[in-house]
Amino acid sequence: MGIFGGLFGGSKNGEEGNSSNIPWVPLTSIEQLKEIKLASKGRPQLVFKHSISCGISRMMLNMFKSGYDLEDGQMDMYFLDLLAHREVSNAVASEFGITHQSPQLLIIKNGEVVVHDSHGSISNINLEQYV
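What counts and what doesn't
Residues numbered from 1 in each chain as written. Predicted model: local features only at pLDDT ≥ 70, side-chain atom pairs only at ≥ 80, totals over all residues. Heavy atoms only, no water. pLDDT = per-residue confidence, 0-100. Contact = heavy atoms within 4.5 Å. Core = buried A, V, L, I, M, F, W, Y, C linked by side-chain atoms within 4.5 Å. Buried < 20%, exposed > 50% of the residue type's maximum accessible area, 1.4 Å probe, protein only. Helix = DSSP H or I, 4+ residues; strand = E, 2+ residues; numbered from the N terminus. Pairing = 2+ DSSP bridges. Axes fitted to C-alpha atoms, helices over the stretch in contact; angles between N-to-C directions.

K.L.:
If you had to explain the confidence of the model for the protein to someone new, which residues and values would you point to?
P.N.:
Taken as a whole, the protein shows an average pLDDT of 85; of its residues, 85% reach a score of 70 or greater. Considering only residues more than four positions removed or in separate chains, one finds that residues 1–19, a stretch of pLDDT under 50, has 24 contacts.

K.L.:
Explain the nonpolar core to me, using residue names and the numbers behind them.
P.N.:
Ranked by size, the top nonpolar core spans 19 residues in total, and within it Trp 24, Leu 46, Phe 48, Phe 64, Ile 107 and Leu 127 carry the most contacts. Of all the secondary-structure elements, those providing two or more residues to this core are β2 (45–50), α3 (55–67), β3 (76–81) and β4 (104–109). A total of three residues in this core trace back to one element, the largest contributor, which is α3. Residues in contact with Leu 46, not counting those within four places in the same chain, are Trp 24, Phe 64, Met 75, Asp 76, Met 77, Tyr 78, Leu 105, Leu 106, Ile 107 and Leu 127. Ranked by size, the runner-up nonpolar core spans 15 residues in total, among them Leu 82, Val 88, Ala 93 and Ile 108.

K.L.:
Give me the lowdown on the environment of Lys 65, citing residues and values where you can.
P.N.:
In this fold, Lys 65 is placed in helix α3. When its relative accessible area of 15% is taken as the criterion, Lys 65 is described as buried. Counting along the chain gives 44 residues from Lys 65 to Asn 21, while the straight-line C-alpha distance between them is 7.8 Å.

K.L.:
Describe unusual backbone geometry, listing the residues and the values that go with them.
P.N.:
Excluding glycine, a negative phi dihedral is what most residues carry, and trans is how most peptide bonds are arranged. In the segment running from Ser 102 into Pro 103, the intervening peptide bond is cis, with an omega of -5°. A positive phi angle, near 50°, is found at Asn 110, a position not held by glycine. Looking at where Asn 110 falls in the secondary structure, it is placed in the loop between β4 and β5 (112–118). Positive phi, close to 50°, is recorded for His 119, a residue that is not glycine. Mapped onto the elements, His 119 comes out in the segment after β5.

K.L.:
Mind laying out the sheet that holds β4, listing which residues take part and the relevant values?
P.N.:
Judged by pairing direction, the sheet is mixed, and its five strands sit side by side in the order β1-β3-β2-β4-β5 without closing on themselves. Where the open sheet ends on each side, the last strands, each with one partner, are β1 (24–26) and β5. For this sheet the average axis-to-axis angle between neighbouring strands, irrespective of direction, equals 25°. As paired strands, β4 and β5 are joined by six bridges and run antiparallel to one another. Of the residues in β5, the one forming a bridge with Ile 108 is Val 113. Each of β1, β2, β3 and β4 is contacted by α3, which is oriented at about 145° to β2, the strand it contacts most. Sheet contacts for helix α4 (residues 86–96): β2, β3, β4 and β5; angle to β3, the most-contacted strand, approximately 125°.

Next comes the structure, spelled out in structure tokens:
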């Protein structure tokens, strides 16, 4: 990894979401959306849509990681790499009736998005409020 990758949190393979204490589940297929909707009836589901080529997205991911303070099992946390899985991102927008943004955070309960925001507003979402 080059000097800028180290400074700005990049990785060679784009899996920067997997390097934190957050128990990320990679969101890589459209079929997982059915699982997310079903699981959301028992506990909240979170989707973090991230573009590895976007500095704002990387900054928001790092801010999210540093402020993350949930206990294990309170939410399922899905990480969507937009560049690798654009078709999944499009399906998220269609399935949940939201406009695609990057970065974007969604919280799903009882099969519906209860809150979503993008860019700098992601840091305003209080996860504990939705547990």
